Amino acid sequence: MKKSLHRILAMAACLCLLLTACGGNGDSNGSGGGSDGASSGDGTSGGKDTMVIAAQADMADKDPINGSTTNDTIKIKAQVYETLIERTVPDQEYRPLLAEKWEFNDDATELTITLREGIQCHNGETLTAEDCLFSLQCLRESANKSVTDHMDLEKSYAVDERTFVIVMDEPYMPIIANLSYPTCVMFSKKGYEEANGDWANMDVGTGPYTWGEWSIGSSVKLIGFDDYYVEGQPAIKNVEFKVISEDGNRYIEVETGGADLCYNLSGVDIAAAEANADVEIFREFTMDNCYLSFNHRNSPFNDVRVRQAIAYALDIDSAWQVCMDGVGQPAKGLLPDNITDSIAKQDSPYHVDYPVYQYNLEKAKELLAEAGYPNGFSCRYHVGHMALRQAYGEFFANALSQIGINVEIVALDAATNAQALKVEHNFDIYTWGIAATNGDIDFANRFFYTDNANNIFGYSDPEMDAMVDAAAKEPDAAKRSEMNAAIQQKALDECIIVPIYQQEDIHCHTASLKGFCNGAFQSPLLKYCYFE
Amino acid sequence: MNKHSMLSEIWRRFRKNRQAVAGLIVLVLFVVVAVFAEQLAPFGYDDQDASRAMIAPCLEFPFGTDNLGRDVLSRLLYGSRYSLSIGFLAVGISVLTGGFLGVIAAYYPKLDNIIMRCMDLFMAIPQMLLAMCIVTALGSSLFNLMLAVGLSSTPKFARVVRASVLATREQEFVEAARAIGAGNWRIILHHILPNSISALIVQATLAMAGAIISASALSFLGFGIQAPMPEWGAMLSAGRKYIRTQAYLTVIPGLAIMVVVYALNVVGDGLRDCLDPRLKK
């Protein structure tokens, strides 16, 4: 009796503790969220000047050129640092941002860029042509130096305060895409030198927001930049990124008013968000395809028949249905159809229907027998750390067992997995993403280029290399599309990779938040957001 | 003869504790299920069928189906093999390593300080963190998971065994054995261990519950068994994104873990009560 009384008392104490904790949280949310309830209650939302964003992961660092390029990090850095050119999604147009205009010379070996007037950096300096050339030089020496590919920075020069010329070693059309890539940012040379290049302690960008407080692992605050060169932007004065890694909880934050915007809504919450009149969903297909590929370096995967047999054995439509909870779509082609020159586009003159290797177990078995494996074989499948790809792995392992291929699933953490795939080449089958990350198809073409960092599968064909090089140099758009189509066709014919699904950006926000849109690299352009 | 009566005496005392007996029955049931999983399960643990995905518990699928259309009941039954074998083997590993170190430390005073201070060092690292480090270093597989869970609780066993061996080695029968010229190992194995084993048994039963929880937690975090093997913690983890819509995917493996762990705990408590020499009449 006494014992049970103690238990009840202890439980009551725990409950009290829990309740007070929740209560405290609720309060701080209310004030942190910019008196959310109060302002929307009386209909005048002009008072609300803070946007709280529930983000999946914390920013990795503040360094825009050398630092991390994970999606979550870029989404934050892109608000503080800006590129010369802005790429709009989904229409894939290049628009002036820091650069007012840009122009190639006749043989496409020089690019003249004119800056906008009166661009202020966060340290109070005006952004000049000299600053831009210095920024490019820093990028050249950084881990992300590929954005300066084919630029001859020794010979590049400033014409005046606002004009400079980038000299190139050969015609290279993807340079525009590179200049719009989120790591290709411009900043104040003076500010950089004063801080000795210590990115953690400087704020020398030109973006609509400046750095605020960063509590590592829990939140990042940004403060609107008063001297931003576009009048009226950013409309929302403060932005706070709250790190909430659990998918369901992120959505609940929006539902309960703890956040105005939730990044990466999970598929299972879509129905709930759609049913909620106070929540709006933002959906946009990304330019990534997730693919399954093989270790081309070793047998049996250096045999095209084995690769095709596996492709025939994978039912990518059913797999999408059971694994993705309605997010994204089954792959539509080698590359997503929203990339310029992708032959997955319905209206492309070179359009090819996908899947090329339509699900057919009989055909798969035949091909396997032809290749000399009538009884199949055993192999390992590196699925990585993402739950979604692990689900695909389970589904595909089961499918491959039906043609006699015995699959052992290997789920490693991100770093170990990357080490096994990219450095040790110690794998048989794996899944990864292919994308035109900078917006230009050349980036995706290079996946098939000998020894390219993204060529994890180890494919190597001098003919393919020549095709990729030639397409990048071609200034004529029509000819370039034809060359790009030939590259994609070759990749499909040889079944170098098997695209499985196209990823989708799904965010949701409260109905009162307007103007939400995506920029390059799936980083939302928060400067356009406002409350109604 | 003497041994036999001691065992029956223990059993007589254990039987009086109703909770412990219930726990024991539950445990035996789970062991039976684990052994005969193949015969009991209506489906295989990896029988996928997209057309029957996400069916809520009904007559055909008493525990429903998951996102890949696999029968949750079958997976749960097969999963009992992993959870129980992890529990037994992990504890087996810690009993062996911890027991060995504990006996050595207690019996050879010169080594005592070295061994026990090393154990203290390990104790300072949270058990879960230590287990995670071990799995990360060795790679995730069933055996490594057991090893990690087992090794990370070694220090506890070393302490318990050392304490009880220290008490036993001062007993007169040990002195007598030494007097007639028995070797150190003979004394340890034949005289000291049998007389200090009750503490070890109690500790092992209780640790088994902890081991199952640790293994489930590690699997939940992705350090455990590789898919598509149905470990309970991994099932819990796979189902957690559906917790708002298909709660049964998390509730059922969660309940299974809870029941087994509770049963182990009450059996452990019961054993302690009837093995504790101070409670002898």
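Remember, it's a predicted structure, so these values are computed and weren't measured experimentally. Counting restarts for each chain: residues are numbered from 1 in the order of the written sequence. Chains and ligands are labelled sequentially in the order written, the chains with letters from A and the ligands with numbers from 1. Reporting in this predicted model follows two pLDDT cut-offs: at least 70 for local features of residues, and 80 or more for side-chain atom pairs to be given and counted; totals over whole chains, interfaces and linings ignore these cut-offs and use all residues. Hydrogens are left out, water is left out, and the side-chain values use all remaining heavy atoms of the structure.

Peer 1: Mind showing me how you'd approach the overall build of chain B here?
Peer 2: A run of H or I in DSSP counts as a helix once it spans at least four residues, and a run of E counts as a strand once it spans at least two, with each numbered from the N terminus. Counting secondary structure elements, chain B contains 12 helices and zero strands. Of the regular secondary structure in chain B, the N- to C-terminal order runs α-α-α-α-α-α-α-α-α-α-α-α. Taking the principal axes of the C-alpha coordinates as reference, chain B spans close to 75 × 45 × 30 Å. Note on contacts: a residue pair qualifies if any of its non-hydrogen atoms lie within 4.5 Å across the two residues. In chain B, of all internal contacts separated by at least 6 residues, the share reaching a separation of at least 24 is 71%. When the accessible surface of chain B is totalled, it reaches about 14200 Å², and 68% of it is carbon and sulfur. When charges are tallied, Lys and Arg are placed among the positive residues and Asp and Glu among the negative ones, while His and the ends of the chain are skipped. By convention, the charge on Lys lies at NZ, on Arg at CZ, on Asp at CG and on Glu at CD. Looking at chain B, you have 25 positive and 17 negative side-chain charges, and the mean spots of the two groups are 7 Å apart. All accessibility values rest on the Shrake-Rupley procedure with a 1.4 Å probe; residue burial counts only the protein chains present in the view.

Peer 1: Any chance you could explain the sheet that holds strand β6 (residues 110-115) of chain A here in plain terms?
Peer 2: Pairing between the strands of a sheet is mediated by backbone hydrogen bonds and can be parallel or antiparallel. All names here are of chain A. Two strands form a pair only when DSSP identifies at least two bridges running between them. Ordered by their spatial adjacency, four strands build an open sheet running β5-β6-β8-β7, and the pairing between neighbours is antiparallel. Edge strands, defined here as strands with exactly one partner in the open sheet, are β5 (99-104) and β7 (151-158). Across the sheet, the mean angle from the axis of one strand to that of its neighbour is 20 degrees, orientation sign disregarded. Here an axis means a line fitted to C-alpha atoms, over the contact stretch when the element is a helix, while the angle between two N-to-C directions is reported on a 0 to 180 degree scale. Packing of helix α4 (residues 129-140) onto the sheet brings it into contact with β6, β7 and β8 (163-168), and relative to β7 it is tilted by some 165 degrees.

Peer 1: In this structure, what is going on with the packing of aromatic side chains? I would like to understand it.
Peer 2: One pair of aromatic rings is described through two measures. These are the centre distance and the angle between the planes. Here is the rule: rings of Phe, Tyr and Trp (six-membered ring for Trp) pair when centre to centre is within 6.5 Å. Planes less than 30 degrees apart are stacked, more than 60 are edge-to-face, and the remainder are tilted. Under the criterion given, the structure shown has 27 aromatic pairs over all chains. Their ring planes at 20 degrees and their centres at 5.9 Å tell us that tryptophan 11 of chain B and phenylalanine 14 of chain B sit as a pair that is stacked. Within this pair, tryptophan 11 of chain B and its partner phenylalanine 14 of chain B are both found in helix α1 (residues 2-16), separated by three residues, close to a single helical turn. The class of tryptophan 11 of chain B is partly exposed, set by a relative accessible area of 40%. Joined through ring pairs, the aromatic side chains of Tyr81, Phe134, Phe187, Tyr192, Trp199 and Trp211 of chain A make up one cluster. When the ring centre of phenylalanine 531 of chain A is taken as reference, the NZ or CZ atom of lysine 48 of chain A above it lies at 4.7 Å. We count a charge as sitting over a ring when the NZ of a lysine or the CZ of an arginine lies within 6 Å of the ring centre and within 35 degrees of the ring normal. Directly above the ring of tyrosine 449 of chain A sits arginine 446 of chain A, whose terminal nitrogen or CZ lies 5.1 Å from the centroid. Here's how the labels work: a residue is buried when its accessible area is under 20% of the maximum for its type, exposed when over 50%, partly exposed in between, all with a 1.4 Å probe on protein chains only.

Peer 1: Even after reading the chapter, I still don't get the environment of valine 95 of chain B, so can you show me in this structure?
Peer 2: Here valine 95 of chain B shows up in helix α4 (residues 72-107). Excluding its chain neighbours within four sequence positions, the residues that come into contact with valine 95 of chain B are Phe100, Phe157, Leu200 and Ala204 of chain B.

Peer 1: Is there a simple way to explain the packing of helix α8 (residues 154-169) of chain B against helix α10 (residues 184-220) of chain B in this structure?
Peer 2: Helix packing geometry: the angle between the two helix axes and the distance between the axes. Residue and element names in this part refer to chain B. Where α8 meets α10, the closest approach of the two axes is 9 Å, and the angle between their N-to-C directions is 155 degrees. As summarised for this structure, α8 and α10 are arranged roughly antiparallel, according to the angle between their axes. As for how α8 packs across α10, the hand of that crossing is right-handed. Facing α8, whose interface residues are Lys156, Phe157, Val160, Val161, Ser164, Val165, Thr168 and Arg169, α10 presents Ile192, Asn195, Ser196, Ala199, Leu200, Gln203, Ala204 and Ala207. Throughout this description, any angle smaller than 35 degrees is read as roughly parallel, any larger than 145 degrees as roughly antiparallel, any in the 65 to 115 degree range as roughly perpendicular, and the remainder as oblique. Note: crossing handedness is left-handed where the near helix turns anticlockwise from the far helix by less than a right angle, and right-handed where it turns clockwise.

Peer 1: Help me out: how do you make sense of the pattern of salt bridges in this one?
Peer 2: Working definition: two side chains of opposite charge can pair if their charged atoms are close together. Residues and elements named next belong to chain A. Whenever a carboxyl oxygen of Asp or Glu lies within 4 Å of a side-chain nitrogen of Lys or Arg, that contact is scored as a salt bridge. Applying the stated criterion across every chain, the model contains 42 salt bridges over all chains. In this structure, arginine 480 and aspartate 440 form a salt bridge, with 2.9 Å as the shortest nitrogen-oxygen distance. Of this pair, arginine 480 sits in helix α16 (residues 477-493) while aspartate 440 sits in the loop between β18 (429-435) and α14 (441-445), placing them 40 residues apart in sequence. Residue class for arginine 480 comes out buried when judged on its relative accessible area of 11%.

Peer 1: When you look at helix α10 (residues 316-323) of chain A in this model, what are you seeing that I'm missing?
Peer 2: The α-helix winds at 3.6 residues per turn, so residues separated by three or four positions along the chain end up facing the same way. All of the buried residues along α10 of chain A are Ile316, Ala319, Trp320, Val322 and Cys323 of chain A. Its buried side turned inward, α10 of chain A meets β15 (329-330), α12 (387-401) and β19 (497-510) of chain A.

Peer 1: Would you explain unusual backbone geometry in this entry?
Peer 2: Phi is mostly negative for residues that are not glycine, and the peptide bonds are mostly trans. Residue and element names in this part refer to chain A. Look at the link from serine 299 to proline 300: it is a cis peptide, with omega at 5 degrees. A positive phi angle, near 55 degrees, is found at asparagine 196, a position not held by glycine. Structurally, asparagine 196 is set in the loop between α6 (189-194) and β10 (209-215). Phi is positive for asparagine 264, which is not a glycine, with a value near 50 degrees. Mapped onto the secondary structure, asparagine 264 falls in the loop between β13 (261-262) and α8 (270-275).

Peer 1: How do you make sense of the domain arrangement of chain A when you look at a structure like this?
Peer 2: In many analyses, interface size is given as the accessible surface area lost on bringing the parts together. Residue and element names in this part refer to chain A. Looking at the assigned domains, one finds that chain A contains domain 1 (4-29 + 55-207) and domain 2 (286-503). The domain boundaries here were taken from an automatic or database domain assignment. Taken over C-alpha atoms, the centre of domain 1 sits 31 Å from the centre of domain 2. Facing 12 residues of domain 1, the contacting portion of domain 2 comprises 14 residues. In total, about 1100 Å² of surface goes out of reach between domain 1 and domain 2, with carbon and sulfur atoms giving 54% of it. Buried area: the sum, over both parts, of the accessible surface (1.4 Å probe) that disappears when the two are put together. Among the residues domain 1 hides against domain 2, the three largest losses belong to Gln92, Met173 and Tyr181. Together they make up 39% of the total.

Peer 1: I keep staring at the confidence of the model for chain A and nothing clicks. Help me out?
Peer 2: Note that predicted coordinates carrying low pLDDT should not be read in detail. Residues and elements named next belong to chain A. What pLDDT conveys is the predictor's confidence in a given residue, as a value from 0 to 100. The predicted model of chain A has a mean per-residue pLDDT of 87, with 91% of residues at 70 or higher. The least confident element of chain A, judged by mean pLDDT, is helix α2 (residues 36-41) at 38; the most confident is helix α9 (residues 304-313) at 96. Contacts of residues 16-45 to residues separated by more than four positions or lying in other chains number 19 contacts, the stretch itself having pLDDT below 50.

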